[in-house]
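# What the coordinates show
This is what each chain is made of:
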Amino acid sequence: MDNTITYRLANESDITRIANLVNAQYARKKDAAYFKWQFFNSYYPTICMCAVVGNQIVGMFGLQKRKLTDGHIVGHLIDLLVDPNWRGKGIFKKMGELAIAHFNDLQALTVLPNPNGKVACEKSFDMKTISKIDDLVCEKSDSKTIKIDPKDSSLLRYETNEKYRNWRFDQSPIYKYTKIKSDDESLTITKKFTDPTTKDSFMDLVDYKGKTLAVQFEENNPKISTWALPHTNLYTRLKSHGFKELARERYFCVKVLDSNLKHYYDIKTWNLVPADAEIY
């Protein structure tokens, strides 16, 4: 049997094998429609580098070319995985090097990994973990809206627009999202989620635009969950409205490629939302 490892960009004919690789490892399953949407019909310039042995895909490394609100370009890493039988052979690092080299204008790398991904990105690409991101969860609130201080809008975010929101939320094959408009034309985007392991149900507040965040409980009153980094005004406001931290193994890692952007290593530079991560 020839165990030679080759590396190449994925194409649409690889989708079934990519789905098999991912679904063998995770309880949260993804179908072919997800991979077509994420890698071949994306709003972002996106690639998936694969490691192939014979007819089997044994590793995948996704990279999105995203623009930040300060105008700089980052490579955001998504859907990173190596078959357990093929780990320890340098596959992850090789896939990443090829994926990163595919774009010649990246000024930094970012990723929102789980613990295994965090360690792999630190080891293979010298990425720095600058934050652990816990959820903020509320079971009951008397408030319908929560004001967002304009100061938060000056923090660094991944750039968004209507075209992005149409792809990310309206075209998503994974979740059905609800867009809630406030009286001041602010926008809150939510989805229902049931944890496949714990069976807990949540209303996830995954993204927002404007001056207010809409808080709407369903009749069966699922918990509301979102993100807010501790240095943001939104974090303070959410805590004052009864939101409490729920520990999660989610991290934010950065690698600066442009020496003028070393401030990216300071988490207080950033404002992140759940929609920034592909799992939401």
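Residues numbered from 1 in each chain as written. Predicted model: local features only at pLDDT ≥ 70, side-chain atom pairs only at ≥ 80, totals over all residues. Heavy atoms only, no water.

## Focus: the packing of aromatic side chains
To keep it simple, the criterion reads: Pairing of aromatic side chains requires ring centres within 6.5 Å, counting the rings of Phe and Tyr and the six-membered ring of Trp. Pairs whose planes differ by under 30 degrees are stacked, by over 60 edge-to-face, and all others tilted. Comment: elements are numbered from the N terminus, with helices defined as DSSP H or I runs of at least four residues and strands as E runs of at least two. Partly exposed describes any residue whose relative accessible area lies between the buried limit of under 20% and the exposed limit of over 50%, with all areas from a 1.4 Å probe on protein chains only and scaled to the type maximum.
Across all of its chains, the model carries 19 aromatic pairs by this definition. Measuring from ring centre to ring centre gives 4.7 Å for Trp37 and Trp167, while their planes differ by 20 degrees; the resulting arrangement is stacked. With Trp37 in helix H2 (residues 32-40) and Trp167 in helix H5 (residues 162-170), this pair connects stretches of sequence that are 130 residues apart. There is no split in this pair, since Trp37 and Trp167 are both buried. Aromatic side chains Tyr44 and Trp167 sit 5.8 Å apart centroid to centroid with 80 degrees between the ring planes, which places their arrangement in the edge-to-face category.

## Examining the sheet that holds strand S15 (residues 251-256)
Filter applied, for reference: DSSP calls a pair of strands paired once it identifies at least 2 bridges connecting them. Note on geometry: axes are lines fitted to C-alpha atoms, helical ones only across the stretch in contact, with angles between N-to-C directions running from 0 to 180 degrees. Two residues form a contact once any of their heavy atoms are found within 4.5 Å.
Overall, mixed pairing links the 7 strands, which are arranged S1-S2-S3-S4-S5-S15-S6 in an open sheet. The open sheet has two edge strands with one neighbour each: strand S1 (5-9) and strand S6 (128-132). Neighbour-to-neighbour, the strand axes of this sheet turn through a mean angle of 25 degrees, independent of strand direction. One ladder, built from 4 bridges, connects strand S5 (residues 108-111) with S15; its direction is antiparallel. The residue bridging Val111 from the neighbouring strand is Cys253, located in S15. This element, H2, spans strand S2 (46-53), strand S3 (56-67) and strand S4 (73-82) of the sheet and lies at about 150 degrees to S4.

## What to know about H5
Quick reminder of the rule: When we speak of the arc, we mean the arc of directions from the helix axis to the C-beta atoms. We call two N or O atoms a polar contact when they sit within 3.5 Å, provided that within protein one can donate a hydrogen and the other can accept it, with sequence-adjacent residues counted only if both atoms are side-chain atoms.
Turning to H5, its buried residues are Tyr164, Arg165, Trp167, Arg168 and Phe169. Across the axial projection of H5, the buried residues extend over an arc of 170 degrees, all falling on one side. A side-chain oxygen of the first residue of H5 lies 3.1 Å from the backbone nitrogen of Lys163; this N-cap is Asn161.

## As for the packing of helix H1 (residues 15-23) against H2
To describe two helices that pack against each other, one gives the angle between their axes and the distance between the axes. Threshold: Should an angle lie under 35 degrees it is considered roughly parallel, over 145 roughly antiparallel, and from 65 to 115 roughly perpendicular; all remaining angles are considered oblique. The classification used treats Ala, Val, Leu, Ile, Met, Phe, Trp, Tyr, Cys and Pro as nonpolar, Asp, Glu, Lys and Arg as charged, and all other residues, Gly among them, as polar.
Contact geometry for H1 and H2: axes closest at 9 Å, N-to-C directions at 110 degrees. Here H1 is positioned roughly perpendicular relative to H2, judged by the angle of their axes. Taking contact as the criterion, the partners of Ile15, Ile18, Ala19 and Val22 in H1 are, on H2, Ala32, Phe35, Lys36 and Phe40. Taken together, the residues that form the contact of H1 with H2 break down as 7 nonpolar, no polar and 1 charged.

## Topic: the nonpolar core
Threshold: Residue types Ala, Val, Leu, Ile, Met, Phe, Trp, Tyr and Cys, when buried and joined through side-chain atoms within 4.5 Å, form a set referred to as a nonpolar core.
In this structure, Phe35, Met60, Phe252, Tyr264, Trp270 and Leu272 are the most contacted members of the largest nonpolar core, which totals 64 residues. With 5 residues, H1 is the largest single contributor of residues to this core. With 25 residues, the next largest nonpolar core counts Phe61, Trp86, Ile91 and Met95 among its residues.

## Remarks on the environment of Leu68
If you trace the backbone, Leu68 turns up in the loop between S3 and S4. Since its relative accessible area comes to 0%, Leu68 is described here as buried. Remark: the alpha-carbon pair of Leu68 and Ile57, spanning 11 residues in sequence, is separated by 32 Å. Among residues more than four places away in sequence, those in contact with Leu68 are Val74, Leu156, Arg157, Tyr158, Glu159, Tyr264 and Trp270.

## Remarks on empty space enclosed by the protein
Worth spelling out the cut-off: Computed over the protein atoms alone on a 1 Å grid, cavities are sets of points where a 1.4 Å probe fits but cannot get out and pockets are open sets with protein on both sides within 12 Å along at least five of seven lines; a residue lines them when it has an atom within 4 Å of a point. Grid points are joined across faces, edges and corners, and a volume is the space filled by probe spheres set on the points.
As enumerated under the stated definition, the model contains 2 cavities of 30 Å³ or more in all. Of the pockets and cavities examined, the largest cavity occupies roughly 70 Å³. Elements that contribute at least two residues to the lining of the largest cavity include exactly H2, S3 and H5. At 3 residues, the largest contribution of residues to the lining of the largest cavity is made by H5. Counted by class, the lining of the largest cavity contains 6 nonpolar, 2 polar and 4 charged residues. Estimates place the volume of the second largest cavity at around 40 Å³. Lining the second largest cavity, in full, are Arg157, Thr160, Arg165, Leu187, Ile189, Asp207, Tyr208 and Lys209.

## What about the layout of surface pockets?
Roughly 260 Å³ of volume is contained in the second largest pocket. The wall of the second largest pocket is formed by 17 residues, among which Ser153, Arg157, Tyr208, Lys209 and Gly210 lie closest to the centre. Taken together, the residues of the lining of the second largest pocket break down into 5 nonpolar, 5 polar and 7 charged.

## Points about the packing of helix H3 (residues 91-102) against helix H4 (residues 115-125)
Cut-off, in case you're wondering: Handedness of a crossing follows from how the near helix is turned relative to the far one, being left-handed for an anticlockwise turn of less than a right angle and right-handed for a clockwise one.
With their axes 10 Å apart at the nearest point, H3 and H4 run at an angle of 70 degrees to one another. Compared by their axis directions, H3 and H4 come out roughly perpendicular. H4 is crossed by H3, and the crossing has right-handed handedness. Taking contact as the criterion, the partners of Phe92, Lys93, Gly96, Glu97 and Ile100 in H3 are, on H4, Ala120, Cys121, Ser124 and Phe125.

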